[in-house]
Structures are given as C-alpha cells and as structure tokens.
Amino acid sequence: IIFDALGAAGTATSGEGVIYTGGTTTLSGTVTANGFTKFGTGTLALTGTAAIIGSAGTNGLNIQDGTLQIGANTRLVSLVTAVNVNLGATLDLNGNNLVVGSLNNAFNNSGGVIGNSSTTTAASLTINGNAASGWTGRIVDAVGAGTQTTALNKMGTGTLTLAATRIDSPES
C-alpha cells in the first residue's frame, strides 16, 4: 500500500495512511506513507515492509487506540519520525528493535503502553533524534502473553523526558 502524497489532489505534505481495526488484522504487504495512524480497539500487525516517513511531531507513527504490533521489517526515518502513543493504546515491539526520532504522548493526553509480546526474543525501542520529546506512558516488559524484556535506549542530541509514574512488568 502506498499512500501517495501527490496523487488525487494530494500535496507534498499529505500521504498519511489511516487504518481502522476493530478486530485483529495483519498487513503483510509493503506500506509506504508520510505518516501512519492506527485507529480502533483491535490489533494491527505490520508484518511486511513498512517505510513510514514523518516528522518529530505529529506526522509520524500514531497509535490512537488498540494495539499496533510491529514486524522485523518495520522501519522509520530514525532521526526524524516520531512515535505518538495515546492513552489506552499499545505499541507492541513483538521481539523487534525499533529506532525512532522521538517518543511522544498523543497531544493533550497521557501516553499509552510500550511493551513486548514475544515469548522468545527481547525487544528494544531506541530514540535517536535531535528533537526534544516527552513520555508519560508506561514502558513494560511483557504485554499480552509475552515473557521477554523491553529495553529503552537514547541516542541523538534531542532530550527525552520520562515522566511516567511507574515503569513495571508485566502489563495486566
């Protein structure tokens, strides 16, 4: 799926992909978008190649509710693209290592949960950007039936402010 920024009256800044899932959906093909937003209480698994280009603010990988589970081929522009996770939403690293430009809550909201549903492989989230970002959500080891750890790494010149009231394991 290509969310074409220049087709059908689009502009160079459009091309955002928006997907709503009420159940469990697997997107196994290639996804290319200038931003990507997941809506709905269900789970969306990105198992194909996902190339998401965005900014350090709102136009990145946005999880409004439900769960977004990343696959081994999910790639963001690491110095630029933000991950924004809303209260009530989960970013499941699923035993993978994801590099992002910044980590933010959804605007005017507390952050959701970042964790790992894998039963065999540890996961990591690396913030490697130059923009300042802030996170008030939870970073947990296991989500769902997962039993493995979730690491948080910080690189780049941007500051990362963690203001969660707790960082714990497992997610209930």
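Reading guide: rules and limits
- Residues numbered from 1 in each chain as written.
- Predicted model: local features only at pLDDT ≥ 70, side-chain atom pairs only at ≥ 80, totals over all residues.
- Heavy atoms only, no water.
- Helix = DSSP H or I, 4+ residues; strand = E, 2+ residues; numbered from the N terminus.
- Buried < 20%, exposed > 50% of the residue type's maximum accessible area, 1.4 Å probe, protein only.
- Pairing = 2+ DSSP bridges.
- Axes fitted to C-alpha atoms, helices over the stretch in contact; angles between N-to-C directions.
- Contact = heavy atoms within 4.5 Å.

**Q** What's the story with the environment of G42 in this structure? I'm lost.
**A** Mapping G42 onto the fold places it in the loop between β4 (35-39) and β5 (43-46). Residue classification places G42 among the buried positions, given a relative accessible area of 6%. For G42 and T24, which are 18 residues apart along the polypeptide, the C-alpha to C-alpha distance reads 5.5 Å.

**Q** Quick question: what am I supposed to make of the sheet that holds strand β11 (residues 89-92) here?
**A** Backbone-to-backbone hydrogen bonds join strands into a sheet, with any given pair of strands oriented parallel or antiparallel. With parallel pairing, the six strands of this open sheet are ordered in space as β2-β5-β8-β11-β14-β17. Each end of this open sheet is capped by a strand with a single partner; those strands are β2 (24-27) and β17 (138-142). With direction set aside, neighbouring strand axes in the sheet form an average angle of 20 degrees.

**Q** Whenever I open this one, the side chain of T90 confuses me. Can you help?
**A** Along the polypeptide, T90 turns up in strand β11. We classify T90 as buried; its relative accessible area is 15%. For T90, the residues in contact, after removing those within four places along its chain, are I63, G66, T67, L68, V85, V113 and V143.

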